[in-house]
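Commentary on secondary and tertiary structure
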Amino acid sequence: MKAIILSAGQGSRLLPLTASRPKCLIEFAGRTLIDWQIDALVANGIRDIVVVVGFRSEAVERALEARGEREARVRTLFNPFYQVADNLGSVWIARGEMTEDFLILNGDTLASPQIVAKLLAEAKAPITVTVDEKSSYDSDDMKVKRDGDRLLAIGKTLPLAEVDAESIGLLYFQGEGVERFVTAVDEVMHRPEGTSSWYLKVIDRIAQTSLVGTVSIRGLAWGEVDYPADVDRGQELAASWMAERG
């Protein structure tokens, strides 16, 4: 099992906090965002972790080296296009790592080991999107339309009347889903709009012709770190996790 963490961006919506510090190195309850992510993966037996870096890559590499990781192999891949391409560019850079079952985790997602465990235990489709459910959705949510556990569409501009969940930025690819995703990513990157695309647009395209599943983590706490208010909520969430650890 392999995991790929997309952490190339600066996080400009968090300026000035991220003026010289990558988003993934923001601390929550004394541990960086990427520390929390790696901990959640390692707790589920994932021993091969690839971090796609870009902004202040050397700082991220130093932080990863300082972990002294013994339970997993943690490597970095540099995305030289991080300033001009959306996150599909980071996925394309990492496509050579996608040769077996793997997870993709967005670099701004705070997720617990329980969430990763639930995804791994319940994912049945070749491609599975982890989703949460809430009473209402805003313009920045990566909204999802489902039929049972099947994903029919995903995107920020889906009509609200059709939305019944949101992606948390954690996906699992297994079996034929691995090659299908890599092929689709390469096809989109060869088009003019490739560098300006989200990788979830590729998932939306695949969902139109084949099975993409979902696993709901409703009731489990997680966080997305995009705006200053998210940092405050992330601090509370991480503090609660630390308290649970004792």
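Going by the structure above, here's the rest.
The model shown is predicted, which means the values in this text are computed figures rather than measured ones.

**What about the nonpolar core?**
Ranked by size, the top nonpolar core spans 35 residues in total, and within it Met98, Ile104, Phe181 and Ile203 carry the most contacts. With seven residues, the single largest contributor to this core is helix 5 (residues 176-189). When residues no more than four places from it in sequence are discounted, the contact partners of Ile104 are Ile4, Leu6, Val91, Met98, Gly169, Leu170, Leu171, Phe173, Phe181 and Tyr199. Counting residues in each nonpolar core, the second largest holds 30 residues, with Ala59, Ala111, Ala123 and Leu170 among its members.

**Notes on the pairing of strand 9 (residues 143-147)**
The pairing of strand 9 with strand 10 (residues 150-155) spans five bridges and is classified as antiparallel. What sits directly across from Asp147, in strand 10, is Arg150. Counting the residues between successive antiparallel strands, the hairpin from strand 9 to strand 10 contains two residues, one of them, Gly148, with a positive phi of roughly 65°. Alignment of strand 9 against strand 11 (residues 165-173), held across two bridges, turns out to be antiparallel. Counterpart to Val144 in the pairing with strand 11 is Ala165.

**As for the packing of aromatic side chains**
All told, the structure shown has three aromatic pairs when counted by the stated rule. Note on Phe173 and Phe181: the rings are 4.4 Å apart at their centroids and 35° apart in plane angle, and the pair reads as tilted. Each member of the pair Phe173 and Phe181 is classed as buried. Linked through ring pairs, Phe102, Phe173 and Phe181 together constitute an aromatic cluster. One Lys or Arg, Arg95, reaches over the ring of Trp92 and ends 3.8 Å from the middle of that ring.

**Examining the pattern of salt bridges**
Counting across every chain of the model gives 22 salt bridges. One salt bridge in this structure joins Asp35 and Arg67, with 2.7 Å as the shortest N-O distance. Linking Asp35 in helix 1 (residues 33-42) with Arg67 in helix 2 (residues 57-67), this pair joins segments that are 32 residues apart in sequence. Between Lys156 and Asp140 there is a salt bridge; the shortest N-O distance is 3.1 Å. Taken together, the positions of Lys156 in the loop between strand 10 and strand 11 and Asp140 in the loop between strand 8 (127-132) and strand 9 put the pair 16 residues apart, joining distant regions of the chain. A residue is classified by how much of its surface remains accessible, and Lys156, at 24% relative accessible area, is partly exposed. In the salt-bridge network here, residues are joined through shared partners; they are Arg13, Lys23, Asp108, Asp140, Lys156 and Asp226.

**Focus: helix 6 (residues 199-207)**
Those residues of helix 6 that fall on the buried side of the exposure criterion are Tyr199, Leu200, Val202, Ile203, Ile206 and Ala207. When helix 6 is viewed along its axis, its buried side chains cluster within an angular range of 145° and face the same direction.

Here is what the cut-offs are and how they apply
- Residues numbered from 1 in each chain as written.
- Predicted model: local features only at pLDDT ≥ 70, side-chain atom pairs only at ≥ 80, totals over all residues.
- Heavy atoms only, no water.
- Core = buried A, V, L, I, M, F, W, Y, C linked by side-chain atoms within 4.5 Å.
- Buried < 20%, exposed > 50% of the residue type's maximum accessible area, 1.4 Å probe, protein only.
- Helix = DSSP H or I, 4+ residues; strand = E, 2+ residues; numbered from the N terminus.
- Contact = heavy atoms within 4.5 Å.
- Pairing = 2+ DSSP bridges.
- Phe/Tyr/Trp six-rings, centres within 6.5 Å; stacked < 30°, edge-to-face > 60°.
- Lys NZ or Arg CZ within 6 Å of the ring centre and 35° of its normal.
- Salt bridge = Lys/Arg side-chain N within 4 Å of Asp/Glu carboxyl O.
- Arc of directions from axis to C-beta.

Any functional reading would require information that these geometric values do not contain.
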